[in-house]
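Residues per chain are reported as follows:
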Amino acid sequence: MSAALLEFTDVVRHFADPSMMPGRRRVARALDGVGLRIAPGESVGLVGESGCGKSTLARLALLLDAPTSGRIAFAGRDVGGFDAAARAEFRRRVQAVFQDPTSSLSPRMRLQEIIAEPLRAQGVRAAARLDAAVAEALTAVGLATDMARRYPHELSGGQRQRVAIARAIVARPDLVILDEPISSLDVSVRAQILNLLAELKAARGTAYLFIAHDLLAVASLADRIAVMYLGRIVEEGDAQAVSAAPLHPYTRLLFASAAMEDGAAASEGEPPSAYAPPSGCRFHPRCPLAQARCANEVPLLREVGGRRVACHFVPAGHGL
Ligand code: SF4
């Protein structure tokens, strides 16, 4: 196993409800003991319904927030001990693409300035070098280099997301956090952006953490998939293996839902609140296979034939 680029070890992130009186505040268990690793050049997909903790994990991975407990390491170093220089180095090596390219791109800046931002942040000032890097990034994302003088409002939604990707790759990062990068786009544009991300990964060897609720999109791009439910990872393994034979009942529900155009399967019972997660297996109120044990005993994330699954009733070797 190669050394991890980014590694979460038993990461917990709880939030107190600010609307309640101090001392009586409820606690939202957004992340509860998450372990996840991304190797150099690896594409890891993180899926789950809204409120499962995906966005909290993305913010932690970008150092926009800190865990309540647990360890996050980048290139073997605990990010909790980063000084200003280490943070600057991290910002060079890790970039992000967010869901809404309209709000993530400044409307008053030309594409040239937007895309060059990460390089300027590193102290690159030579105009010729900036121009060449922006032109290369525009070409890489399939946009004409003469678009550098345009403003974001002159572009379509798909073109704006291509610009966001150009900005993310211009400084040749090791890792890009893709936080729902296609969910705000028209269906016709989503496949184009997915293809672009796959081409860039193949050409540059950039690692991705691809966070989305669209399981099929994630399965098409990721080397490995991790499935989250109410702050915990319930299944994690090779993307093709998980897609072909999901083992955890929740992963099966997600795939069944993705196969149905109206998402009916997922809407059968909404996920409980992170303020009051169910006891034992958090999925037990919605699980068709639940038994008495499930309400009392937390299932451990166990190795099952090369992947990890948190269910009492998936025996080793099951389905493999
Ligand atoms: Fe369902 Fe029980 Fe497995 Fe949880 S532990 S997924 S409730 S069968």
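Residues numbered from 1 in each chain as written. Predicted model: local features only at pLDDT ≥ 70, side-chain atom pairs only at ≥ 80, totals over all residues. Heavy atoms only, no water.

A. Here's a closer look at the sheet that holds strand 11 (residues 302-304). Within the open sheet, the 8 strands sit side by side as 6-7-8-3-9-10-12-11. Their pairing is mixed. If you trace the sheet from one side to the other, it starts and ends with strand 6 (94-97) and strand 11, each paired once. Pairwise comparison of adjacent strand axes, ignoring direction, gives a mean angle of 25° for this sheet. Both strand 9 (residues 224-229) and strand 10 (residues 232-238) contribute to a ladder of 6 bridges, which runs antiparallel. (Pairing = 2+ DSSP bridges. Helix = DSSP H or I, 4+ residues; strand = E, 2+ residues; numbered from the N terminus. Axes fitted to C-alpha atoms, helices over the stretch in contact; angles between N-to-C directions.)

B. Expanded view of the pattern of salt bridges. Summed over the entire model, instances satisfying the criterion amount to 16 salt bridges. For Arg167, the salt bridge is made with Glu117, and the minimal N-O distance between the two is 3.4 Å. With Arg167 in helix 6 (residues 157-169) and Glu117 in helix 4 (residues 111-121), this pair connects stretches of sequence that are 50 residues apart. Judged by relative accessible area, Arg167 falls into the buried class, the value being 15%. Overall, Glu117 belongs to the partly exposed group, its relative accessible area being 34%. One salt bridge connects Glu297 with Arg293, and the closest N-O pair in it is separated by 3.2 Å. We classify Arg293 as partly exposed; its relative accessible area is 37%. Via salt bridges that share partners, Glu42, Arg224, Glu236 and Arg308 belong to a single interconnected network. (Salt bridge = Lys/Arg side-chain N within 4 Å of Asp/Glu carboxyl O. Buried < 20%, exposed > 50% of the residue type's maximum accessible area, 1.4 Å probe, protein only.)

C. Focus on the site of the ligand. The environment of the ligand is formed by His248, Pro249, Cys281, His284, Cys287, Leu289, Ala290, Cys294, Cys311, His312 and Phe313. Of all the cavities here, the one that holds the ligand is the largest cavity. Residue composition of the shell around the ligand, by class: 8 nonpolar, 3 polar and no charged. (Near = heavy atom within 4 Å. 1 Å grid on protein atoms, 1.4 Å probe; cavity = no way out; pocket = protein on both sides within 12 Å on 5 of 7 lines; lining within 4 Å. Sits in = over half its atoms within 2 Å of the grid points. Nonpolar A, V, L, I, M, F, W, Y, C, P; charged D, E, K, R; others polar.)

D. Layout of the packing of aromatic side chains. Taken as a whole and judged by the stated rule, the model has 5 aromatic pairs. Three or more aromatic residues joined by ring pairs make a cluster, and in this case those are Phe74, Phe82 and Phe90. (Phe/Tyr/Trp six-rings, centres within 6.5 Å; stacked < 30°, edge-to-face > 60°.)

E. Spatial organisation of the state of the cysteines. All told, the structure shown has 0 disulfides when counted by the stated rule. No disulfide involves Cys52; its sulfur sits 14 Å from the nearest other cysteine sulfur, which is in Cys281. (Disulfide = S-S within 2.5 Å.)

F. How the structure looks around the packing of helix 4 against helix 6. The interhelical angle for the contact between helix 4 and helix 6, taken along N-to-C directions, is 35°, at an axis separation of 6 Å. Of the residues in helix 6, those in contact with Leu111, Ile114, Ile115, Glu117 and Pro118 of helix 4 are Val163, Ala166 and Arg167. Among the residues forming the contact of helix 4 with helix 6, the class breakdown is 6 nonpolar, no polar and 2 charged. (Contact = heavy atoms within 4.5 Å.)

G. Seen up close, helix 4. Three or more residues of helix 4 are buried, namely Leu111, Ile114, Ile115, Ala116, Pro118 and Leu119. On its buried face, helix 4 sits against strand 6, helix 5 (127-140) and helix 6. Within two residues after helix 4, Gly123 carries a phi angle of roughly 95°, on the positive side.

H. Examining the environment of Lys54 more closely. Within the element layout of this structure, Lys54 appears in helix 1 (residues 54-61). Judged by relative accessible area, Lys54 falls into the buried class, the value being 7%. Non-local contacts of Lys54, meaning those with residues more than four positions away in its chain, are made with Leu46, Val47, Gly48, Glu49, Glu180, Ile211, Ala212, His213 and Met228. For Lys54, the side chain forms a polar contact with the main-chain oxygen of Gly48, separated by 2.7 Å. (Polar contact = N/O pair within 3.5 Å; in protein donor to acceptor, adjacent residues only side chain to side chain.)

This is a description of form; function is not addressed.
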